[in-house]
Amino acid sequence: MKWRDQGILLGTTPFGETSVIVDALTSENGRMRAVLRGGQSRKFRPILQIGNILDITWRARLSEHMGSVQIDLVKSYPEIMDNQITLCGIASMTAMLSVFLEDRDPQPEIYQTTLNLHSLLSEPDMWSVGYFFWELALLEELGFGLDVGKCVVTGETEDLRYISPKSGCAVSTQAAGEWANRLLSMPRIMSTHNKKMSDVFDGLQVLSYFWENKVSPGLNVQTLPTSRVRFLDIMQRHTSRQQ
């Protein structure tokens with residue numbers, strides 16, 4: 001068995017004395033993990049940086065085997081290291097993909113969405129806003145998408161101030177009534193055309209509810225990645241400084 005594809009490196013794990021297990025999200029073959037022989041050598045250090053785009057050739061005797069890979073670097077992103085927001089954000093992004101995506105389940109849309117997010121790495125403010133919408137897209141791909149285009153009760157498309165924690169649907173002020181204190185506030189980043197970096201933290205806090213109470217139990221995930229928690233802490237501090 002053999003295939004060749006491009007993939008975004010999510011991480012590596014030491015395997016034996018000289019090899020590593022490469023974890024990557026590929027364009028056509030989904031998330032894959034396979035052995036890279038000699039992967040602990042100096043030759044591969046600049047290549048095996050999370051977020052890098054790799055050319056991957058996978059081989060195995062049977063399709064269900066882990067297999068081994070040969071890799072070449074397609075594109076690196078040194079600008080990741082230039083800013084704490086992108087550095088911690090990429091760590092969060094790759095960890096979320098590693099935790100929530102099943103092996104060998106093709107995810108072409110989330111691959112392309114992730115690639116699109118990479119194109120903003122030189123502009124941390126825009127990248128952080130893009131990261132919020134990337135998480136929204138990942139929720140959708142996993143089957144837990146939010147529906148905030150109209151009120152779930154009345155069908156209204158105006159004055160959508162809340163999100164139902166049960167259904168993930170928008171609720172208008174009128175429909176919320178006395179139940180408003182039991183609903184999640186609609187984050188500003190989802191309700192205005194003027195998207196700002198300062199709104200990212202509040203938006204991610206709302207998404208955290210769904211990751212922790214809907215997605216994680218549904219997919220038998222015990223806890224969210226610590227790198228995402230760290231990224232939210234960075235965004236909170238950045239927001240506090242702007243206020």
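Each remark here, short or long, concerns the structure printed above.
In this text, all values refer to a predicted model and were calculated from it rather than measured experimentally. (Residues numbered from 1 in each chain as written. Predicted model: local features only at pLDDT ≥ 70, side-chain atom pairs only at ≥ 80, totals over all residues. Heavy atoms only, no water.)

A few words now on the packing of aromatic side chains. In total, this model carries 8 aromatic pairs according to the counting rule given. Note on Phe100 and Trp211: the rings are 4.9 Å apart at their centroids and 35° apart in plane angle, and the pair reads as tilted. You can see Phe100 sitting in helix H1 (residues 84–100) and its partner Trp211 sitting in helix H6 (residues 200–218), a full 111 residues away along the chain. The class for Phe100 is buried, based on a relative accessible area of 3%. For Trp211, a relative accessible area of 0% puts it in the buried group. For the pair Phe132 and Phe133, a centre-to-centre distance of 5.0 Å together with 90° between the ring planes defines the contact as edge-to-face. (Phe/Tyr/Trp six-rings, centres within 6.5 Å; stacked < 30°, edge-to-face > 60°. Helix = DSSP H or I, 4+ residues; strand = E, 2+ residues; numbered from the N terminus. Buried < 20%, exposed > 50% of the residue type's maximum accessible area, 1.4 Å probe, protein only.)

Before going further, it helps to examine the nonpolar core. A general feature of soluble globular proteins is that nonpolar side chains tend to end up buried together. Core analysis: the largest hydrophobic core is formed by 51 residues, its most contacted members being Leu97, Tyr131, Trp134, Leu138 and Trp211. The set of elements that each furnish at least two residues to this core consists of strand E1 (2–15), H1, helix H2 (108–118), helix H3 (124–141), strand E7 (160–163), helix H5 (188–191), H6 and helix H7 (226–242). Those residues within four positions of Trp134 in sequence are excluded, and the remaining contacts are Met93, Met96, Leu97, Ile110, Thr113, Thr114 and Leu117. The next biggest cluster of nonpolar side chains, apart from the first, holds 17 residues, and it includes Leu9, Ala24, Leu36 and Leu54. (Core = buried A, V, L, I, M, F, W, Y, C linked by side-chain atoms within 4.5 Å. Contact = heavy atoms within 4.5 Å.)

The next thing to look at is the pairing of strand E2 (residues 19–26). With 8 of its 8 residues buried, E2 lies for the most part within the structure. As paired strands, E1 and E2 are joined by 8 bridges and run antiparallel to one another. Each residue of the ladder has a partner; that of Gly11, found in E2, is Asp23. In this structure, the hairpin formed by E1 and E2 is closed by a connection of 3 residues, where Gly16 is found at a positive phi of approximately 70°. (Pairing = 2+ DSSP bridges.)

Along its 17 residues, H1 runs 24 Å from first to last C-alpha, staying within 8% of the 24 Å computed at 1.5 Å per residue. Most of H1 sits out of view: 13 of its 17 residues are buried. For H1, the side-chain oxygen to backbone nitrogen distance between the N-cap and Ile85 is 2.7 Å, and the N-cap itself is Asn83. (Expected span 1.5 Å × (residues − 1). Polar contact = N/O pair within 3.5 Å; in protein donor to acceptor, adjacent residues only side chain to side chain.)

This part covers the sheet that holds strand E9 (residues 184–185). Strand order in the open sheet formed by 4 strands is E6-E8-E7-E9, with mixed pairing between adjacent strands. What marks the edges here is a single partner per strand, and that holds for strand E6 (147–151) and E9. Bridge count for E6 against strand E8 (residues 169–172) is 2 bridges, and the pairing is parallel. From the neighbouring strand, Asp147 faces E8, where its bridge partner is Cys169.

Here H6 is 19 residues long and its end C-alpha atoms lie 25 Å apart, about the 27 Å a rise of 1.5 Å per residue gives. At Trp211, H6 shows its strongest bend, of approximately 40°. Regarding H6, the residues found buried are Val200, Phe201, Gly203, Leu204, Val206, Leu207, Ser208, Phe210, Trp211, Val215 and Ser216. Phi turns positive, to about 60°, at Asn220, one or two residues after H6. (Bend = angle between axes of the 7 residues up to and from the residue.)

Such coordinate-based values are descriptive only and should not be taken to indicate function.
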